[in-house]
Every structure is written in C-alpha cells, then in structure tokens.
Amino acid sequence: MAEGVLMPKAGITVEECVITEWLKKPGDNIAVGDILFTYETDKATFECESTAAGTLLEIFYNDGDEVPVLVNVCAIGNPGDSTVGLKAGEEAPAAAPGRPPILCPGCPHRSVYYVLNKLKMHVAGDIGCYTLGAVAPLSVVDSVICMGASISSLHGMEKAKGKDYIKNWVAVIGDSTFMHTGINSLMNMVYNQGTGTVMILDNSTTGMTGHQDHAATGKTLMGEEVPAINIYHMCKAMGIKNVVEVSAFDTAALEKIIKEEVAKDEVSVIITKAPCVLLKGNKFTTKCVPVPEKCKKCGMCLRPGCPALTKNADGTISIDQTMCNGCGLCKGICKFDAIETVEV
C-alpha cells in the first residue's frame, strides 16, 4: 500500500513551504531517511527526509510550487500500488470514521467531570489526561494554560473579579501535576488570602505520559520504594482548614462536598481518590451489565460518554464487556435499576 510523505511543518507559524529542488525522481528506490527534496520558508532552507521506504511512485508538486504544510508531496510504495486519495483534493476511499479523544472506560476523572457538569460548574483546567474534560460530552473544562496554572489562574480570576465571581468555579489538577508545579500555586493562593476551591484528582500515577511514578506514589522512577508524600497532610501543613478526601466514584458524596466547599469564603481542597484503570496490577472483579426489560430508554447512562456503552436501535443500551471494568458510574446514574454489576 502506498504511503504519502508530508511537507514538514518547519515552525509553529509556518503554513506553507516552497519546494526548491527535487533530488529524487519517480521510479527511484527510496530508503527511510533519504533526502527527497529541498524546500524553503521565508527564513531558512531545509531538506525533507523520506518517512517511507519503497519506490517513488508519484510526485504531486514540482520545483517552485508552494505547498501547504502537512500535505502529501509524493507517494512511496511498491510498483503497482494505487496512490488514489493521497494527493490533496482527491477523494479518498471510504475509511473508518474518526473518533475524538476520550477518557478510558472506568477512568475516575469521568465521574468527577460528570458531577461538575451536572452542577454547571466552570473549571480552570491543567495539563494531563483530565484535560479531556474540555471535550464533549463532558465539556466542563473552560481554560488550560500550562502545568500548574489551574490554581494560579483561578486565584487570578478572584483577584481581578472578586470572590463572588469564582463561586461557580473550581481549579482541577492531577496528583502528578500538583507535585510537579501545583504546590507553589496553592501556597500562593493561601498566602494571598484566596477563597478558591481546588480539586486534586489523585489517580496515583502520571497517566498522560506513561505512568511514571512521582513523589506521592512511594516509588522513584527507578522503582525504588521511598516514603510517599501525603497530599492531604501537605495541604493541611499549608494552613488549609478545609481539606476533604472522597472516592472519585462516590458521585453523591462528591456532589455534596463540592456544593459545600465552593460556598466557603476560604481556600478549600477536595482530593478525589481512585487509581488509574491502566495501572499495572489493577484487578477488576465486577462488570456492569444492562437489564433491557427495566430500561426506560432515557439515555442518562450515556451522558458521561463512557466508550463501553452504546445505544441500540430500540433505545436500550449495550455494554462492551471487553471494555467495562465495573467502575459502576453508569449503574449509579441509572434510577431504574436497569444496569447491574456481576462478579467475574
């Protein structure tokens, strides 16, 4: 199957590049890393290395052509391979539908965001898997700037707009990001007499970048066991009176706690606790299964967007047992006992 080679994006602001000279011609044998052509921007000249191996089947742009970045400039493959769909503007063959990025089935962040969405809260977000709370159907994260900025940006909103403005806001940050660069922001909020509510989503790992340990997991990056920093006690040591720990999947308790803490005129920290579902060694002993005869077809269980749940043609739901890990969020949302948990 033929592969396209993209015009590289040679800078954050670069949108188009000019091909200055092709160094290969159709029919040439190409290895990965071979220089195919030279190209230039308004600032510099570059060489384009091949990302595919095989025969150069077709060149889509010639010397002197201005080419948009990240568009195929040529096709490489085996002689006889079709290049249909690789050239910009050509209709590609039907392909699998695209899927937006989503949280994993059973992710504890999903239940937290479900509650925040239900309460119509605004969220100052941070960098991590939980940034996905910005996209549908959760759609609750309003701002993301950089690591640690969730807390400081919420504090800045209060300083600019007053404490009443942030009564329907929380800052959300993961345990790893908090240890990396959130502590100083929280300390600054306390020191400068802020009143914001900070939610630390503690899933016991650095989920987004490969499950590295951090200072609160009790292990070094080399796997050596060390004393774990206790996030609850650290917050208390800063002089924060309102520090609450709650299971990320206890949606009723979480809803009550959020309402109480955002109403206070002093700093509050809510630590939601549940391990990342992808952590090595996790064992899941239950699955959620639908009970079609009890289903009212209301769709409430679908609102959190768990990818294990799909809607059937008749309005009932199916739960993919290869994806479900029995977190129970859908079961807790259903008011008609139309979802049950079973031992596995």
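The structure we're discussing is the one just above.
Predicted model only: the values in this text are computed from it and were never measured. As a convention, each chain's residues are numbered from 1 in the sequence order in which they are written. Given that this is a predicted model, residues contribute local features only at a pLDDT of at least 70 and side-chain atom pairs are listed and counted only at 80 or more, while totals for whole chains, interfaces and linings are drawn from all residues. Excluding hydrogens and water, the side-chain values take into account all heavy atoms of the structure.

S.K.: Could you give an account of the overall build of the chain, with specific residues and numbers?
M.R.: Secondary structure assignment for the chain yields six helices and 18 strands. Since a compact globule built from 344 residues should have a radius of gyration of about 20 Å, the 26 Å found for the chain marks it as more spread out than a globular shape. Taken over the C-alpha atoms alone, the chain extends approximately 70 × 55 × 45 Å along its principal axes. Burial here depends on accessible area, computed with a 1.4 Å probe over protein chains only, as a share of the maximum for the residue type. Under 20% is buried, over 50% is exposed, and the range in between is partly exposed. With 344 residues in all, the chain has 43% of them scored as buried. Long-range pairs, those at least 24 residues apart, make up 64% of the contacts in the chain with a sequence separation of at least 6. Taken together, the 30 basic and 39 acidic charged side chains of the chain have centroids lying 14 Å from each other. Runs of H or I in DSSP of at least four residues are treated as helices and runs of E of at least two as strands, each being numbered from the N terminus. Radius of gyration means the value over C-alpha atoms here, while the globule rule gives 2.2 Å times the residue count to the 0.38 power. Contacts are assigned to residue pairs that have any heavy atoms within 4.5 Å of one another. In this tally, Asp and Glu contribute negative charge and Lys and Arg positive charge; neither His nor the terminal groups of the chain are included. One atom stands in for each charge, and that atom is NZ of Lys, CZ of Arg, CG of Asp or CD of Glu.

S.K.: So what about the packing of aromatic side chains? Which residues, and what values?
M.R.: Stacked, tilted and edge-to-face are the three classes assigned to paired rings of Phe, Tyr and Trp, where Trp is represented by its six-membered ring and a pair needs centres within 6.5 Å; plane angles under 30 degrees give stacked, over 60 edge-to-face, the rest tilted. Inspection of the entire model under this criterion finds four aromatic pairs. Geometrically, the ring pair formed by Y165 and W169 is stacked, given 6.5 Å between the ring centres and 25 degrees between the ring planes. Exposure remark for W169: the relative accessible area of 9% places this residue in the buried category. A cation over an aromatic ring shows up here: K296 above the ring of F336, its NZ or CZ 6.0 Å from the ring centre. Each ring is checked for a lysine NZ or an arginine CZ that lies within 6 Å of its centre and within 35 degrees of its normal; such an atom marks a charge sitting over the ring.

S.K.: Pulling in residues and values, what's your account of helix α1 (residues 108–118)?
M.R.: Within α1, nine of the eleven residues are buried, leaving the element largely enclosed by the surrounding structure. Among the residues of α1, those classed as buried are P108, H109, R110, S111, V112, Y113, Y114, V115 and L116. Positive phi appears at K120, one or two residues downstream of α1, with a value of about 55 degrees.

S.K.: Explain the nonpolar core residue by residue, including any values.
M.R.: Definition of nonpolar core: a set of buried residues of the types Ala, Val, Leu, Ile, Met, Phe, Trp, Tyr and Cys, connected through side-chain atoms within 4.5 Å. The biggest cluster of nonpolar side chains holds 53 residues, and the ones touching the most others in it are Y113, L116, F178, L186 and M199. Broken down by element, this core gets its largest block of residues, six residues, from helix α3 (residues 175–191). Each residue touching L186, except ones within four places of it in the same chain, is listed here: I151, F178, V198, C235, M238, I240, V267 and V269. In this structure, A2, V14, C48 and C74 belong to the second largest nonpolar core, which totals 24 residues.

S.K.: If you had to explain the layout of surface pockets to someone new, which residues and values would you point to?
M.R.: Approximately 200 Å³ is the volume attributed to the largest pocket. A pocket here means an open set of points on a 1 Å grid, computed over the protein atoms alone, that has protein on both sides within 12 Å along at least five of seven lines. A cavity is instead a set of points where a 1.4 Å probe fits but cannot get out; residues with an atom within 4 Å of a point line either one. Lining the largest pocket are 18 residues, and of these I127, G128, S176, T177 and T206 sit closest to its centre. No other element matches the four residues that α3 contributes to the lining of the largest pocket. Each residue is assigned to one of three groups, with Ala, Val, Leu, Ile, Met, Phe, Trp, Tyr, Cys and Pro labelled nonpolar, Asp, Glu, Lys and Arg labelled charged, and all others, Gly among them, labelled polar. Its residues assigned to classes, the lining of the largest pocket comprises six nonpolar, eleven polar and one charged. Grid points are joined across faces, edges and corners, and a volume is the space filled by probe spheres set on the points.

S.K.: Residues and numbers for the pattern of salt bridges, please.
M.R.: Every case where a carboxyl oxygen of Asp or Glu lies within 4 Å of a side-chain nitrogen of Lys or Arg is listed as a salt bridge. Tallied over the entire structure, the rule returns ten salt bridges. A salt bridge links K241 to E266; the shortest N-O distance between them is 3.3 Å. Note that K241 is positioned in the loop between α4 (231–237) and β13 (242–247) and E266 in the loop between α5 (251–262) and β14 (268–273), a separation of 25 residues in sequence. By relative accessible area, K241 is classed as exposed at 59%. Its relative accessible area of 29% is what places E266 among the partly exposed residues. Here E255 and K259 are joined by a salt bridge, their closest N and O atoms 3.4 Å apart. Taken together, the residues E255 and K259, both in helix α5 and four residues apart, mark about one turn of the helix. Look at K259 and you get partly exposed, because its relative accessible area is 48%. Linked by salt bridges that have partners in common, K118, E255 and K259 make up one network.

S.K.: Report on unusual backbone geometry, specifying residues and quantitative values.
M.R.: With an omega of 5 degrees, the peptide bond between A136 and P137 qualifies as cis. Along the chain, P137 turns up in the loop between β9 (122–124) and β10 (141–143). Phi angles above zero are rare outside glycine, and L70 is one such case at about 60 degrees. Mapped onto the fold, L70 is located in the loop between β7 (66–68) and β8 (72–77). For L70, a relative accessible area of 52% puts it in the exposed group. The backbone phi angle of K297 is positive, close to 60 degrees, even though this residue is not glycine.

S.K.: Before we move on, could you go through the pairing of β14 and cite the residues and values that matter?
M.R.: Counting buried residues along β14, five of its six residues qualify, which places the element largely inside the surrounding structure. Two strands qualify as a pair provided DSSP detects at least 2 bridges between them. Examined bridge by bridge, strand β12 (residues 197–202) and β14 share six bridges and lie parallel to one another. Of the residues in β14, the one forming a bridge with M199 is I270. Direction of pairing for β13 relative to β14: parallel, over a ladder of six bridges. Bridge pairing in β14 links E245 to I271. By convention a crossover is right-handed if, when the strands point away from the viewer, the path from the first strand over the helix to the second runs clockwise. In this view, the connection linking β13 to its parallel neighbour β14 by way of α5 has right-handed handedness.

By themselves, these are just geometric observations and shouldn't be taken as functional.
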